[in-house]
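The residues making up each chain are set out below.
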Amino acid sequence: MKQVTISTPFITLIVLNYGAIIQKLLIKDKEGNSFNAVVGFDFPNNYIKDNIFLGACVGRFAGRISNGGFYIDRQFYHLFEQKGIHLHGGQVGFGRKEWQIKEVHHGRQPFVTLTYESKHLEEGYPGNLTAAVTYKLINNALIITHQASTDRATVVNLTNHSYFKVDHAPTINNWRLKLNASQMAETFPNMLPTGKLVATSNTSFDFLTEKELGSTRLNTPFKVESSSEVAARISSDKSGISLEVFTDQPAMVVYTPATFPAICFETQNFPDAPNQANFPSSILRPGEHYKNESTFIFDLL
């Protein structure tokens, strides 16, 4: 397992070739102390037994897929499922694969690019897919760019699954959250989307105006209103750290785990898009280029 470290005067990023995992993201708090803004293991080999996708690149399709698979051009492709759900790319998704370190650049805008070749019918998905993820640092911002191409029609939905922290408190109740989302995907109790978008207003999921999380916990696909505006903002008065998220993706799954204080901003297409006609298409065809980009900007209050 290999590590790559890149840094600016504001951020140090440590990436593993296993799962293209973000292992550490070191920033400064308001006292000038080094602060790891992601949950992770100190020892890389511990990730081999991880089952919650800590910092991983999730694919070939991030999120849930229903019906045991999907149709493309009248051909059904069967996927592994448990209790009717295919999750985060299957039994061994991209987050548990060995990626190749393609390029590392140390300079004023350092970056590392990793690639993975997913074979035809790996996990049931059609097409030989070439996937790449680039982590780039510009001053106090982390830019994550996912790209992919295929030799036959397939579905693609990549995201990073980092669990972000903005302080060391044992709870997220006092963190302040703002989401640029007036709609969210309605879901069944098993978290599969119904295909409908519903308003967040007059619900506990309304964060259009910044407020404390309190007891609200999320595992929720939100519709991102505009790629030119902040999709999400989380902050802590205790540490003085804030994080703003920008994305060109149509949706963002916001997830707060039950067992430790953290929050995920999974910028992506909607879960179950291959089976939901109302959601943007996730199909990628030969000759087309898949690209999504999200920016995570850290600052002090």
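Owing to the predicted nature of the structure, the values given are computational and were not obtained by experimental measurement. (Residues numbered from 1 in each chain as written. Predicted model: local features only at pLDDT ≥ 70, side-chain atom pairs only at ≥ 80, totals over all residues. Heavy atoms only, no water.)

**Student:** A description of the overall build of the protein should follow, citing residues and the corresponding values.
**Tutor:** Regarding its fold elements, the protein presents zero helices and 26 strands. Taking 19 Å as the expected radius of gyration for a compact globule of 301 residues, we find that the protein reaches 18 Å, a close match to that expectation. Along the first, second and third principal axes, the C-alpha atoms of the protein reach 60 × 45 × 35 Å. In the protein, of all internal contacts separated by at least 6 residues, the share reaching a separation of at least 24 is 64%. (Helix = DSSP H or I, 4+ residues; strand = E, 2+ residues; numbered from the N terminus. Rg over C-alpha atoms; globule rule 2.2 N^0.38 Å. Contact = heavy atoms within 4.5 Å.)

**Student:** Could you give an account of the sheet that holds strand 26 (residues 290-300), with specific residues and numbers?
**Tutor:** The strands that make up a sheet pair up through hydrogen bonds in the backbone, lying either parallel or antiparallel. The strand order across the open sheet formed by nine strands is 10-11-12-13-26-22-21-16-19, and the pairing between neighbours is antiparallel. Two strands bound the open sheet, and with one partner strand each, they are strand 10 (100-105) and strand 19 (211-212). Here ten bridges tie strand 12 (residues 129-138) to strand 13 (residues 141-150), and the two strands are oriented antiparallel to one another. Paired with Val-133 across the two strands is His-146, which belongs to strand 13. (Pairing = 2+ DSSP bridges.)

**Student:** Any details on the pairing of strand 8 (residues 75-78)? Residues and values, ideally.
**Tutor:** Sheet topology note: the strand 7 (residues 69-72)/strand 8 ladder contains four bridges and is antiparallel. Residue pairing in the sheet places Gly-69 in a bridge with His-78 of strand 8. Hairpin geometry of strand 7 and strand 8 is characterised by an intervening segment of two residues between the two adjacent antiparallel strands and by a positive phi of about 50° at Asp-73.

**Student:** Account for empty space enclosed by the protein, with residues named and values stated.
**Tutor:** Summed over the entire model, instances satisfying the criterion amount to two cavities of 30 Å³ or more. Approximately 60 Å³ is the volume found for the largest cavity. As for the largest cavity, its lining consists of Tyr-18, Ile-21, Tyr-47, Asp-50, Phe-53, Ala-56, Gly-95 and Arg-96. Of the residues contributing to the lining of the largest cavity, the split by class is five nonpolar, one polar and two charged. Within this model, the second largest cavity holds a volume of roughly 30 Å³. Only strand 13, strand 15 (159-160), strand 24 (264-268) and strand 26 provide two or more residues apiece to the lining of the second largest cavity. The dominant element in the lining of the second largest cavity, judged by the number of residues it contributes, is strand 26, at three residues. (1 Å grid on protein atoms, 1.4 Å probe; cavity = no way out; pocket = protein on both sides within 12 Å on 5 of 7 lines; lining within 4 Å. Points joined across faces, edges and corners; volume = space filled by probe spheres on them. Nonpolar A, V, L, I, M, F, W, Y, C, P; charged D, E, K, R; others polar.)

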